[in-house]
Amino acid sequence: MEITLDTRPLGSIETEALATYVFEQSDPVEGRVAELDRAAAGAIRRLAQGGELTGKTLEMTLLHNPAGLKAQRLLLIGAGKREQFTGAQLRKTAGAALRHLKTRSVKRFVFLAREGDGTSAAAQSITEGLIAANFESDKYKTEKKNGKEVQAAALAGWDDAARAEAEKGMARGRVIGESQNFTRDLVNEPSNRLTPRMLAQRAEAMAREAGLSCEILDEKKIAELKMGALLSVAQGSAEPPRLMVLTYNPPQAKPGAPVLGLVGKAITFDTGGISIKPAQDMEKMKYDMAGGATMLGVMRALAALKPLVKVIAIVPSTENMPGGRAQKPGDVQISMAGKSIEVINTDAEGRLILADGITYAQKLGCTHLIDAATLTGAIVVALSNINVGVFGSDQAFTDKLLASAKAAGEKMWQMPVDDDYREMIKSTIADIQNVGIGKGGGAITAAMFLKEFSGDTPWIHLDIAGTAWLDDPKAWMAKGASGVAVRTLIDLVMSY
Ligand code: BES
Ligand code: ZN
Ligand code: ZN
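Scoring rules and cut-offs
- Residues numbered from 1 in each chain as written.
- Chains lettered and ligands numbered in written order.
- Predicted model: local features only at pLDDT ≥ 70, side-chain atom pairs only at ≥ 80, totals over all residues.
- Heavy atoms only, no water.
- Donors = N, O, S within 2.8 Å, 3.2 Å for Na, K, Ca; no water.
- Tetrahedral: all angles 85-135°; square planar, octahedral: opposite > 155°, others 65-115°.
- Buried < 20%, exposed > 50% of the residue type's maximum accessible area, 1.4 Å probe, protein only.
- Helix = DSSP H or I, 4+ residues; strand = E, 2+ residues; numbered from the N terminus.
- Expected span 1.5 Å × (residues − 1).
- Near = heavy atom within 4 Å.
- Polar contact = N/O pair within 3.5 Å; in protein donor to acceptor, adjacent residues only side chain to side chain.
- Areas by Shrake-Rupley, 256 points an atom, 1.4 Å probe, with all protein chains shown as cover.
- Nonpolar A, V, L, I, M, F, W, Y, C, P; charged D, E, K, R; others polar.
- Core = buried A, V, L, I, M, F, W, Y, C linked by side-chain atoms within 4.5 Å.
- Contact = heavy atoms within 4.5 Å.
- Salt bridge = Lys/Arg side-chain N within 4 Å of Asp/Glu carboxyl O.
- Axes fitted to C-alpha atoms, helices over the stretch in contact; angles between N-to-C directions.
- Parallel < 35°, antiparallel > 145°, perpendicular 65-115°, else oblique.
- Left-handed = near helix turned anticlockwise from the far one by under 90°.
- Pairing = 2+ DSSP bridges.

**Observations concerning the coordination of the zinc ion (ligand 2)**
Those donors, D270 (OD), D347 (O), D347 (OD) and E349 (OE), are the protein atoms that reach the zinc ion (ligand 2), and they lie 2.0 to 2.2 Å from it. Here the zinc ion (ligand 2) is ringed by six donor atoms whose angles at the metal span 71 to 167°, and the overall shape comes out irregular. The distance between the zinc ion (ligand 2) and the zinc ion (ligand 3) is 3.2 Å, with D270 acting as a donor to both metals. Here D347 falls in the partly exposed class, since its relative accessible area comes to 22%. Overall, the relative accessible area of 1% leaves E349 in the buried class.

**Details of helix α10 (residues 350–363)**
Here α10 is 14 residues long and its end C-alpha atoms lie 20 Å apart, about the 20 Å a rise of 1.5 Å per residue gives. For α10, the tally of buried residues reaches twelve of 14 residues, placing the bulk of the element in the interior. The set of residues buried in α10 consists of G350, R351, L352, I353, L354, A355, D356, G357, I358, T359, Y360 and A361. In the stretch just after α10, G365 is the one whose phi turns positive, near 100°.

**Re the site of ligand 1**
In the vicinity of ligand 1 there are 16 residues, among which K277, D288, D347, E349 and G377 approach most closely. Interatomic distance of 3.4 Å between a backbone N/O atom of T374 and a nitrogen atom of ligand 1. Coverage of ligand 1 by the protein chains reaches 77% of its 520 Å² of free accessible surface. Its residues assigned to classes, the shell around ligand 1 comprises five nonpolar, four polar and seven charged.

**Observations regarding the nonpolar core**
Counting residues in each nonpolar core, the largest one holds 55 residues, and the members touching the most others are L246, L296, M299, I370, L401 and L462. Tallying contributions element by element places helix α9 (residues 290–305) first for this core, with ten residues. If sequence neighbours within four positions are ignored, L462 has contacts with I370, D371, A372, A373, V388, G389, V390, L401, M412, A485 and L489. Membership of the second largest hydrophobic core comes to 45 residues, among which are I312, M336, V343 and F453.

**Concerning the pattern of salt bridges**
Per the stated rule, a full pass over the model turns up 29 salt bridges. For E30, the salt bridge goes to R82, with nearest N and O atoms at 3.0 Å. Taken together, the residues E30 in the loop between β2 (18–22) and α1 (31–39) and R82 in the loop between β4 (73–78) and α3 (87–102) connect sequence positions 52 residues apart. A relative accessible area of 31% places R82 in the partly exposed class. Note that K451 is salt-bridged to D419, the shortest N-O span being 3.8 Å. A residue pair is termed long-range when its members are at least 10 positions apart, and K451 in helix α13 (residues 442–454) and D419 in the loop between β16 (412–414) and β17 (432–433) qualify at 32 residues. One continuous salt-bridge network, built from bridges that share partners, spans E30, R82, R114 and E115.

**Focus: α9**
Here α9 is 16 residues long and its end C-alpha atoms lie 22 Å apart, about the 22 Å a rise of 1.5 Å per residue gives. Extensive coverage of α9 is indicated by the burial of 14 of its 16 residues. Just downstream of α9, K306 is the residue with a positive phi angle, here 50°.

**What about the coordination of the zinc ion (ligand 3)?**
Around the zinc ion (ligand 3), the protein contributes the donor atoms K265 (NZ), D270 (OD), D288 (OD) and E349 (OE), at 2.0 to 2.4 Å from the metal centre. For the zinc ion (ligand 3), the six donor atoms in the first shell make angles of 77 to 173° at the metal, so the coordination geometry reads as octahedral. Of note, the zinc ion (ligand 3) draws all its donor residues from one chain, in the sequence arrangement K-x4-D-x17-D-x60-E.

**Description of the packing of helix α5 (residues 163–188) against α9**
When two helices pack together, you describe them by how their axes are tilted relative to each other and by the distance separating the axes. At a minimum axis separation of 8 Å, α5 and α9 run at an interaxial angle of 155°. Here α9 runs roughly antiparallel to α5, going by the angle between their axes. Between α5 and α9 lies a crossing of right-handed hand. Here R172, V175, I176, E178, S179, F182, T183, L186 and V187 of α5 lie close against α9, whose contacting residues are A290, A293, T294, L296, G297, R300, A301, A304 and L305.

**Topic: the side chain of T445**
For T445, the location among the structural elements is in helix α13. We classify T445 as buried; its relative accessible area is 2%. If sequence neighbours within four positions are ignored, T445 has contacts with M424, I425 and G436.

**Structural notes on the side chain of Q327**
Examined against the element boundaries, Q327 turns out to sit in the loop between β11 (310–320) and β12 (331–334). Taking relative accessible area as the criterion, Q327 reaches 4% and is therefore assigned buried. Within the structure, the side chain of Q327 is placed 3.0 Å from the side chain of Q333, a separation counted as a polar contact. In this structure Q327 touches S232, V233, Q235, I274, Q333, V343, T346 and L352, once residues within four positions along its chain are discounted.

**Remarks on the sheet that holds strand β6 (residues 152–156)**
Judged by pairing direction, the sheet is mixed, and its six strands sit side by side in the order β1-β6-β5-β2-β4-β3 without closing on themselves. The sheet is open, and its two borders are formed by β1 (2–5) and β3 (60–64), each paired with just one other strand. Recorded for the sheet is a direction-independent mean angle of 25° between the axes of neighbouring strands. Relative to β4, β2 is paired through five bridges, and the arrangement is parallel. Bridge pairing in β4 places T20 opposite L76. Strands in contact with α3 are β2, β3, β4 and β5 (108–112); relative to β5, the strand with the most contacts, it is inclined by about 155°.

Here's what the structure looks like:
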């Protein structure tokens, strides 16, 4: 989708549709909307007076051939209360506008930012929203239901003096929106079309195009490195594992900046292994590689945005299958760190592959670690499909991430990882076991397991099991992979 800036006066904008937003207040027809209303001979005010236009969040009012305007359609989107309107709201509003017009076969439209939103940050939010909204999960449909992609959008609401600022925001927004979609495309792939080897090829191709260095470790190299936890999950599958290492190395890192390690779980399919999952909903376990895909999307964006921080993505990938050679409940495995692990449940495999990923990240010199993983069903019980679960060993670092989540408009909620929970993963025969003993706290005991491997390195764990997949579409986004956490992590790196 082409996205440009349109600085023409409102009344003279010729387009298939002009979209803007109205606030929920005693008079929603004010500012730029009043200006449009005057041009349209009071048509908007009449709708407001008739109660059809209220400004309630995501209310859609579409006028055809509004007299006095050059636009063929005028779309007014409810934006809620002005005091509560944030960048996140603006992103969703722009996305919802695109999807509303797209289902009406509009190919080109203009999105008008309201007075006060003429900033570079707003241009970025709108661009991100439009690009994420134009993405469809229909790659394997021969007849594209929503194949009527929007081809071109223009942003209005900036004058020529603000052009440079607006275009800077738009360029950033494009990189971030397209990187989020890169992640979503990978997460949507079924497991027969994205094995660990194929994921590694996709990562390599992306790295080549973006200008990142990329190393793929095969099963032999993984064995040489004694990654016993990763190998134990892979041994039940006919498909060999891979470990991807992508590095962004700025020519000049900022003094005192961290070396950030991004470790992502990439189980291309999780059957549960010998502790097999029930058939109901098992097909969804193709998205168990979302954490890894998140980190790849972040790296894609960083290559273009060029922060002054060194970042290494470490993505361990395997299937979790119940083959004849599969590991069995009760088996003891030795991780790369040398810690012994009693595998009580083979379905708690994500923490096993991440354990070796975390150890390897430290070996590569990372001073700060963040992992992302569709790790537990328990996080869905705790936070539903609304918030990402955040666990952290260093509060200052965790606060920084939570601030980035806010800035990026992604909901995240901190969970505890205090030592009292450590008791729950003590094994009778090994150093540690892979599931918690006792009642509840499944997402926390999973995090405690990872924390054990992070040692003294400041570490954050994001449990995205509830948020990486949308069962139902949103007004601003197709159903399927959400690409959650990509924007937050980009914001975090860019904030150093
Ligand atoms: N991949 C799953 C977690 C998951 C559940 C992701 C639902 C997305 C949606 C993970 O590997 C798993 O199976 N976890 C188990 C752990 C249990 C055996 C301790 C779980 O959450 O049930
Ligand atoms: Zn599992
Ligand atoms: Zn899993």
